[in-house]
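Each chain, written out:
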Amino acid sequence: MSLPEESEAQRQCTHELKTLLHRWEEESDMEQEEILGCLNTALVEYYGEDVIEFECDMDLEDDEEEEG
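Residues numbered from 1 in each chain as written. Predicted model: local features only at pLDDT ≥ 70, side-chain atom pairs only at ≥ 80, totals over all residues. Heavy atoms only, no water.

Visitor: Describe in detail a negative patch on the surface, supporting the description with residues and values.
Guide: Together, Asp 29, Glu 31, Glu 33 and Glu 34 make up a region of like negative charge exposed at the surface. Counting through the fold element by element, Glu 34 comes out in helix 2 (residues 32–47). (Patch = residues over 30% accessible without salt bridge, like charges linked within 9 Å, V, L, I, M, F, W, Y side chains within 5 Å. Areas by Shrake-Rupley, 256 points an atom, 1.4 Å probe, with all protein chains shown as cover. Salt bridge = Lys/Arg side-chain N within 4 Å of Asp/Glu carboxyl O. Lys, Arg positive; Asp, Glu negative; His and termini not counted. Charge placed at Lys NZ, Arg CZ, Asp CG, Glu CD. Helix = DSSP H or I, 4+ residues; strand = E, 2+ residues; numbered from the N terminus.)

Visitor: Go over the packing of aromatic side chains with me, naming the residues and quoting the values.
Guide: Per the stated rule, a full pass over the model turns up one aromatic pair. Judged by centre distance (4.8 Å) and plane angle (85°), the ring pair of Tyr 46 and Tyr 47 falls under edge-to-face. (Phe/Tyr/Trp six-rings, centres within 6.5 Å; stacked < 30°, edge-to-face > 60°.)

Visitor: So what's going on with the pattern of salt bridges? Which residues, and what values?
Guide: Taken as a whole, this structure holds two salt bridges when the rule is applied. With its nearest N and O atoms 3.0 Å apart, the salt bridge here joins Arg 11 to Glu 6. What makes Glu 6 partly exposed here is its relative accessible area of 36%. Note that Glu 27 and Arg 23 form a salt bridge whose closest N and O atoms lie 4.0 Å from each other. Of this pair, Glu 27 and Arg 23 both sit in helix 1 (residues 8–27), four residues apart, roughly one helical turn. On the basis of relative accessible area, Arg 23 is assigned to the partly exposed category, the value being 40%. (Buried < 20%, exposed > 50% of the residue type's maximum accessible area, 1.4 Å probe, protein only.)

Visitor: Tell me about the packing of helix 1 against helix 2, and please be specific about residues and values.
Guide: The interhelical angle for the contact between helix 1 and helix 2, taken along N-to-C directions, is 135°, at an axis separation of 10 Å. By the angle class used here, helix 1 and helix 2 are oblique. Regarding helix 1 and helix 2, the two cross each other, and that crossing is right-handed. Of the residues in helix 2, those in contact with Leu 21, Trp 24 and Glu 25 of helix 1 are Gln 32, Ile 35 and Leu 39. In terms of residue class, the contact of helix 1 with helix 2 is made up of four nonpolar, one polar and one charged. (Axes fitted to C-alpha atoms, helices over the stretch in contact; angles between N-to-C directions. Parallel < 35°, antiparallel > 145°, perpendicular 65-115°, else oblique. Left-handed = near helix turned anticlockwise from the far one by under 90°. Contact = heavy atoms within 4.5 Å. Nonpolar A, V, L, I, M, F, W, Y, C, P; charged D, E, K, R; others polar.)

Listed below in structure tokens is the structure:
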């Protein structure tokens, strides 16, 4: 199975998530399916919110003018 190339940030995120899953497998009495169910619930709750607030500290108008 060939995985797509990842940026350094994506690689770090993947590593952190794998570490979290490994810890839960080792330290809890839950089975993989239960952990995956919790992960699914967390993703739905987090990304299912109507609005995810994000304050960008970059000036996006300058970037658009340079691209135009």
